[in-house]
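# Observations on the three-dimensional arrangement
Spelled out, the chains give:
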Amino acid sequence: MKRLALRTGVRWKISIAIAAVGALIAVALSLVVHNAARVSMIENAREVQLERLLGAQRFYEATNMQKGGPKFGAKLNDPTIPQSLRDEVRKNRRATHVEQGADGVPEVWAAVPLPGGNVLSLHTRFADRSATIMDDLDRALIIGSVSVVFGGCALGVLIGGQLSRRLRKAAAAAGRVAQGQTDVRVREAVGGVVRDETDELARAVDALTDALNERIEAERRVTADIAHELRTPVTGLLTAAELLPPGRPTELVRDRAQAMRTLVEDVLEVARLDSASERAELQELPLGEFVSRRIGLLNPDVTVRVIHESWVSTDPRRLERILGNLLGNAAKHGSTPVEVSVEGRVVRVRDHGPGFPEELLRDGPSRFRTGSVDRAGHGHGLGLTIAAGQARVLGARLTFRNAAPSGAAEGTGGAIAVLWLPEHAPTVTGSFPVLRMADQRQPSD
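Residues numbered from 1 in each chain as written. Predicted model: local features only at pLDDT ≥ 70, side-chain atom pairs only at ≥ 80, totals over all residues. Heavy atoms only, no water.

Naming follows an unreviewed UniProt entry, where the chain appears as Sensor protein CseC of Streptomyces parvus.

Structure follows, in structure tokens:
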């Protein structure tokens, strides 16, 4: 059975914890204060009762125990004296006794021994004023306890809110790092003057990011160096293959040599794109006309539909590279017909094959990912990676989705790649100035 997980924020956990501790302390202190006050007042009532009884005793003895008996509420040989008090008096001791009355109000007794075995006693109820004081004290303790609980909640919300905000900032910064923004620093995103465990977490994440960046950069340099070193021997191999006599073996050698050369060039291009050193040479051009013309040269069988024409500032060479890779991917791993539509600044390329794999939709293009399950039964799996990298250079966004819903029969939908060109050209990245096509002049003779 799946366990039910209750998710709560740090703010409320801290608030509840502080409120619970405050409530326990308030209740404990209230009980201690209540009992101490009650005991003190009862002891005071005992002393007062005994002093009153001694005063009545002196008056009774001064009148030689005659004419009317004891005064001031005292009684002689009262049959209702509690047995424990009577036992103490028989030991020739002065004593007091407190017992709970039927209505919950304490009753105070005092008794002293007299000559001849007589007992002089005084019996009164707990003073009404004392009961009122106890009620007021209990009320004040309750109000104080409630105030402590609410104050603890407010303090917990304040402290927990600050900690929660810092953790959320750290999580947001870490998320941006995971998306590829390696220049983001979690410690700077958290900020603030308070130093706590959040700063230690931020420093640890920043250190991890730096270590990963160094490792990735080292891998990129190694890959680029290997590809660069392979370029010369592969070019020589391709040249030597051209000198072989005609025949099937020669064709195979030339085909494999050309494939290796293409792989080396693609790896070098990926390395340049990963290094963020590429800059777009921008021109202003009509997107629909450009796409129609270039696709007509790349693959005349592809249907191009211009829904809405728009002028864009982009690099035509890189845009053509993106279109070529998307069409090549659709031709290799999809099914005909392949359709391209242009609507404003958006270009869509759709085939009618099995669609993109779940891994690509979830994680994006991955270099050297091949195999029939991910639409790469042929080639080396760098086409979509290069297309995505070139799109980043243009400041564009390249997305992938399937036309058919998840679980539909194979071949019923197809794959859709969507290129979203930016509204403003990325000139801040160091691109060359924008040139209108009409302004490009050939030098006069």
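### Here's the deal with the pairing of strand β3 (residues 106-114)
The two faces of the sheet receive side chains in turn, since in a regular strand these alternate between them. By the criterion of burial, β3 is predominantly enclosed, with eight of the nine residues buried. Sheet topology note: the strand β2 (residues 95-100)/β3 ladder contains six bridges and is antiparallel. From the neighbouring strand, E99 faces β3, where its bridge partner is E107. Pairing of β3 with strand β4 (residues 118-125) involves eight bridges; the strand directions are antiparallel. Residue pairing in the sheet places E107 in a bridge with R125 of β4. Remark: three residues form the turn of the hairpin made by β3 and β4, two consecutive strands paired antiparallel; G116 in that turn has positive phi of roughly 80°. (Buried < 20%, exposed > 50% of the residue type's maximum accessible area, 1.4 Å probe, protein only. Helix = DSSP H or I, 4+ residues; strand = E, 2+ residues; numbered from the N terminus. Pairing = 2+ DSSP bridges.)

### Let's talk about the nonpolar core
Within the largest apolar cluster, 35 residues are counted, with the highest numbers of intra-cluster contacts made by L326 and L419. For this core, the elements supplying multiple residues, two or more each, are β5 (281-286), α7 (287-298), α8 (316-333), β8 (339-343), β9 (346-350), α10 (383-393), β10 (397-402) and β11 (415-420). By residue number, the principal contributor to this core is α8, which donates six residues. Not counting residues up to four positions away in its chain, the partners in contact with L326 are V349, L384, A387, L398, F400 and A417. In this structure, L53, A56, L114 and L122 belong to the second largest nonpolar core, which totals ten residues. (Core = buried A, V, L, I, M, F, W, Y, C linked by side-chain atoms within 4.5 Å. Contact = heavy atoms within 4.5 Å.)

### Here's the deal with the UniProt feature "transmembrane region" (unreviewed entry) in the chain
As annotated in UniProt, the feature "transmembrane region" (unreviewed entry) corresponds to residues 12-33 and 140-159 in the numbering used here. Structurally, residues 12-33 is divided into 100% helix and 0% strand, and its ends, taken at the C-alpha atoms, are 31 Å apart. Between the end C-alpha atoms of residues 140-159 there is a gap of 28 Å, over a span that is 100% helix and 0% strand. (UniProt positions renumbered as here; feature names shortened; annotations may be inferred.)

### Some points on the sheet that holds strand β6 (residues 303-308)
Taken in spatial order, the five strands make up an open sheet running β6-β8-β9-β11-β10, and their pairing is mixed. Of all strands in the sheet, those bounded by a partner on one side alone are β6 and β10. Strand-to-strand, the axes of this sheet are offset by a mean angle of 15°, without reference to chain direction. Across five bridges, β9 lies against β11 in antiparallel orientation. (Axes fitted to C-alpha atoms, helices over the stretch in contact; angles between N-to-C directions.)

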